[in-house]
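# Architecture at a glance
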Amino acid sequence: MADDFLTSDDVVSDEQSFYNVVRLTGNGMTPFWDSLNDAEAFDGNPATGHIWYQTPDATAGETNAHNEGSIRADVEGATEVELRNHLQIFKRSYGVTGSQAASKSKVVASLLERSKDRSIKQLRLDVEKALMSATAPVQRVGNTTAGVMGGVLHYCTEVIDATNTVELSAKAHIKAPLRTMWENGVLEDKIILCGGDVKDSISTLLDGFKTANNNETAYVGNVSKIKDVGWATNVEVKVSTQLAANEMLIYAPELINPILLRQKKDASVTDPAYDSEAWENLFELTLQVLDPYAAVHVKNIKIV
């Protein structure tokens, strides 16, 4: 396909590229990847990974008074923390046997299309799992050690552990993380991504605070947005199959970027050693988190 030959810069900027089409057609199963800031093109050595810098924002005023005609204020260098994440290669292949290919029937054509669709869906879920993992980065070593990206949970500075003894609390598990993010200068829009049981618990916990509408006759038992919690407004609440049932991630998607090196779409990988025809889709990418408080991990909530 044509976009196999795009540079990574072109891929991330083209809404119709394979990468963006796959990312944005997740059908609700890849909510984290779908929500993230736009991808950036990889610029570096694939062997040594992606390097970026976190620079803590100014969050409080200081006494600042100078004499008239005095010398300039001292130059203040930025305090930067260097971070590194490694590229991970994701591959999924699909195809048909030689016998099926020879039949040229509509049934086989339909089978091939279903095989392709399932392969892309699995590739999408594989990327979502890696982006959300707590895995530490692993540097690739030639063809002996595969590179592994560190997921967003690995980069969470703030972790709240309910130790499986504390039930969901609006103050401790929603307001407190959002306040911590606000106090550390993370003012961007937030999303609460939940495991299944936590999602149900949030809906139960906040049920009494929903806006009443006397004209509404349908039952609504789902909290999909928290309008105002004091430290953030219009916070979306979503569910993820990649999180444990009793954990959640509160994050600012504008501060989290996938970093893409390359993509391959429907590349022919037919091997004469096999009596089949095969095609492969591939992404090679990693993740960067631009602020140490861009995400807060809340885990081990007691579910009742």
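Above this text sits the structure in question.
Because the structure is predicted, anything quoted here is derived from the model rather than measured.

In this section: the pairing of strand β11 (residues 276-289). Burial analysis of β11 places 11 of its 14 residues in the buried class, the great majority of the element. When strand β4 (residues 88-97) meets β11, the two strands line up antiparallel, connected through 10 bridges. For Gln88, the partnering residue across the bridge sits in β11 and is Leu285. With 10 bridges connecting them, strand β10 (residues 256-268) and β11 associate as antiparallel partners. Residue pairing across strands places Ile256 opposite Val289, the latter belonging to β11.

The four strands are arranged β1-β10-β11-β4 in an open sheet whose pairing can be described as mixed. Among the strands making up the open sheet, the edge pair consists of β1 (40-41) and β4. Of the strands in this sheet, β4, β10 and β11 touch helix α5 (residues 106-132), which is tilted by about 165° from β4.

What follows deals with the pairing of strand β12 (residues 295-299). Of all five residues making up β12, four are buried, and the element is well covered by its neighbours. Two elements, strand β5 (residues 158-161) and β12, share four bridges in a ladder whose sense is parallel. Bridging from a neighbouring strand, Glu158 pairs with Val296 of β12. One ladder, built from four bridges, connects strand β9 (residues 248-251) with β12; its direction is antiparallel. Looking across to β12, one finds that Met248 is bridged to Val298.

Quick look at α5 now. The end-to-end C-alpha distance of α5 is 39 Å, a good match for the 39 Å that 27 residues give at a rise of 1.5 Å each. Of the positions making up α5, those classed as buried are Val108, Ser119, Ile120, Leu123, Arg124, Leu125, Asp126, Val127, Glu128, Ala130, Leu131 and Met132. Its buried side turned inward, α5 meets α2 (18-23), α3 (31-35), β4, α4 (98-103), β6 (191-194) and β11.

Calculation criteria
Residues numbered from 1 in each chain as written. Predicted model: local features only at pLDDT ≥ 70, side-chain atom pairs only at ≥ 80, totals over all residues. Heavy atoms only, no water. Buried < 20%, exposed > 50% of the residue type's maximum accessible area, 1.4 Å probe, protein only. Helix = DSSP H or I, 4+ residues; strand = E, 2+ residues; numbered from the N terminus. Pairing = 2+ DSSP bridges. Contact = heavy atoms within 4.5 Å. Axes fitted to C-alpha atoms, helices over the stretch in contact; angles between N-to-C directions. Expected span 1.5 Å × (residues − 1).

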